[in-house]
Amino acid sequence: MVIADMVHPYVYRSGFPQGLPPLDLVLSAGDIPGYFLEFLASTLTVPVVYVPGNHDDEYINEGSGRHLPQGVINADGRVVSEAGLKIAGWGGVPRYRDGENQYTPAQARWGLGKLAWQARGGVDIFLTHAPPTGPHAGSDYAHRGCEFISGFISKRRPRLVVHGHIHEYEGKKVSYTDEASGAQVFNAYGYHILELAQQDERLLAKVGAGD
């Protein structure tokens with residue numbers, strides 16, 4: 001299951017995960033509140049892997065103070081192996097104003113270069129909040145694509161790219177195939193169930209419930 005940018009009422013409910021097929025992994029592509037991530041971790045018995053978005057709402061404020069959600073895996077800036085898949089993570093967005101989790105071109109170049117070195121053996125999935133340049137890039141400056149994300153995809157050729165940040169109002173198709181790398185690029189806004197299958201050494205995502 002992939003999620004991003006909203007607390008979907010069909011997922012955040014007392015009966016979850018009733019009505020859904022068995023899940024192996026949850027990928028959160030950012031701007032998901034920490035309490036929702038902890039809900040998923042406490043309700044499911046599968047790994048929950050996330051990267052932060054640009055609204056800094058992954059933190060939880062409780063009696064013990066402000067802290068990151070428990071029981072989940074923060075993949076920001078590193079490569080993790082879960083559910084038999086290697087996942088590279090990159091949170092935040094290109095800077096568009098003063099705020100948390102926004103990076104300059106120099107920071108993106110350095111950070112994604114470091115991530116590419118960690119991923120030198122290849123990765124199956126690239127989990128990012130901002131989209132690459134191309135069909136899913138937003139029409140406004142705050143939601144523009146990131147050229148350094150596109151560079152990482154071209155260099156490390158993940159089979160599947162999962163991003164958030166682009167909401168329904170953009171009216172874009174939920175997925176497309178990147179011509180340069182062959183990667184399937186998927187917008188996780190809301191929630192979707194993906195069925196992953198190997199075909200011609202590509203990891204194909206078939207959309208199920210939530211599309």
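All figures in this text were calculated on a predicted structure; none of them were measured in a lab.

Any chance you could break down the packing of aromatic side chains for me, citing the residues and the numbers?
Under the definition given, this model contains eight aromatic pairs. When the centroid spacing of 5.9 Å and the interplanar angle of 40° are considered together, the rings of Phe16 and Phe39 count as tilted. Highlighted residues: Phe16 in the loop between strand 1 (2–4) and strand 2 (26–28) and Phe39 in helix 1 (residues 34–43), separated in sequence by 23 residues. Side by side, Phe16 and Phe39 carry an identical accessibility label, which is buried. Aromatic side chains Trp90 and Tyr103 sit 5.3 Å apart centroid to centroid with 50° between the ring planes, which places their arrangement in the tilted category. With Trp90 in strand 8 (residues 85–90) and Tyr103 in strand 10 (residues 102–103), the pair connects residues that are 13 residues apart, well separated along the chain. One exposure class covers both Trp90 and Tyr103, and it is buried. Through pairs of rings, three or more aromatic residues link up here, namely Tyr12, Phe16, Tyr35, Phe36 and Phe39. Positioned above the aromatic ring of Trp117, the side-chain terminus of Arg120 is 3.7 Å from the ring centre. Lying across the ring of Tyr141, Arg144 places its NZ or CZ 3.8 Å from the centre.

Describe the pattern of salt bridges, with residues and values.
The tally for this structure, following the rule as stated, stands at two salt bridges. For the salt bridge of Asp56 with Arg66, the shortest nitrogen-to-oxygen distance reads 2.8 Å. Taken together, the residues Asp56 in the loop between strand 3 (48–50) and strand 4 (60–62) and Arg66 in strand 5 (residues 65–67) connect sequence positions ten residues apart. Given the relative accessible area of 21%, Asp56 is considered partly exposed. Under the relative-accessibility criterion, Arg66 is labelled partly exposed at 48%.

Any chance you could break down the side chain of Thr128 for me, citing the residues and the numbers?
In this structure, Thr128 sits in strand 11 (residues 125–128). Overall, Thr128 belongs to the buried group, its relative accessible area being 0%. When near neighbours in sequence (up to four residues on either side) are disregarded, Thr128 contacts Ala29, Val51, Trp90, Ile149, Val161, Val162, His163 and Gly164.

Tell me about the nonpolar core, and name the residues and values.
In terms of nonpolar packing, the biggest core is built from 21 residues, with Trp90, Tyr103, Leu112, Leu115, Phe126, Ile149 and Phe152 touching the most fellow members. Looking at this core, the elements that each hand over two or more residues are strand 8, helix 2 (105–118) and helix 3 (147–156). In contact with Leu115, not counting residues within four places along its chain, are Gly77, Arg78, Val79, Ala88, Gly89, Trp90, Phe126 and Phe152.

Describe the sheet that holds strand 3, with residues and values.
In spatial order, the strands read 6-3-2-1-15; together these five strands make up an open sheet with mixed pairing. Edge positions in the open sheet fall to strand 6 (73–74) and strand 15 (190–192), since each of these has one partner strand only. Bridging between strand 2 and strand 3 involves three bridges; their strand directions are parallel. Bridged to Val26 within strand 3 is Val48. On the sheet, helix 1 packs against strand 1, strand 2 and strand 3 and is oriented at approximately 155° with respect to strand 3.

So what's going on with the packing of helix 2 against helix 3? Which residues, and what values?
Their axes nearest at 9 Å, the elements helix 2 and helix 3 cross at an angle of 20°. Our classification of the angle between helix 2 and helix 3 gives roughly parallel. Between helix 2 and helix 3 lies a crossing of right-handed hand. Facing helix 2, whose interface residues are Pro105, Ala108, Arg109, Leu112, Leu115, Ala116 and Trp117, helix 3 presents Phe148, Ile149, Phe152, Lys155 and Arg156. Of the residues belonging to the contact of helix 2 with helix 3, the class tally is nine nonpolar, no polar and three charged.

Cut-offs used in this document
Residues numbered from 1 in each chain as written. Predicted model: local features only at pLDDT ≥ 70, side-chain atom pairs only at ≥ 80, totals over all residues. Heavy atoms only, no water. Phe/Tyr/Trp six-rings, centres within 6.5 Å; stacked < 30°, edge-to-face > 60°. Helix = DSSP H or I, 4+ residues; strand = E, 2+ residues; numbered from the N terminus. Buried < 20%, exposed > 50% of the residue type's maximum accessible area, 1.4 Å probe, protein only. Lys NZ or Arg CZ within 6 Å of the ring centre and 35° of its normal. Salt bridge = Lys/Arg side-chain N within 4 Å of Asp/Glu carboxyl O. Contact = heavy atoms within 4.5 Å. Core = buried A, V, L, I, M, F, W, Y, C linked by side-chain atoms within 4.5 Å. Pairing = 2+ DSSP bridges. Axes fitted to C-alpha atoms, helices over the stretch in contact; angles between N-to-C directions. Parallel < 35°, antiparallel > 145°, perpendicular 65-115°, else oblique. Left-handed = near helix turned anticlockwise from the far one by under 90°. Nonpolar A, V, L, I, M, F, W, Y, C, P; charged D, E, K, R; others polar.

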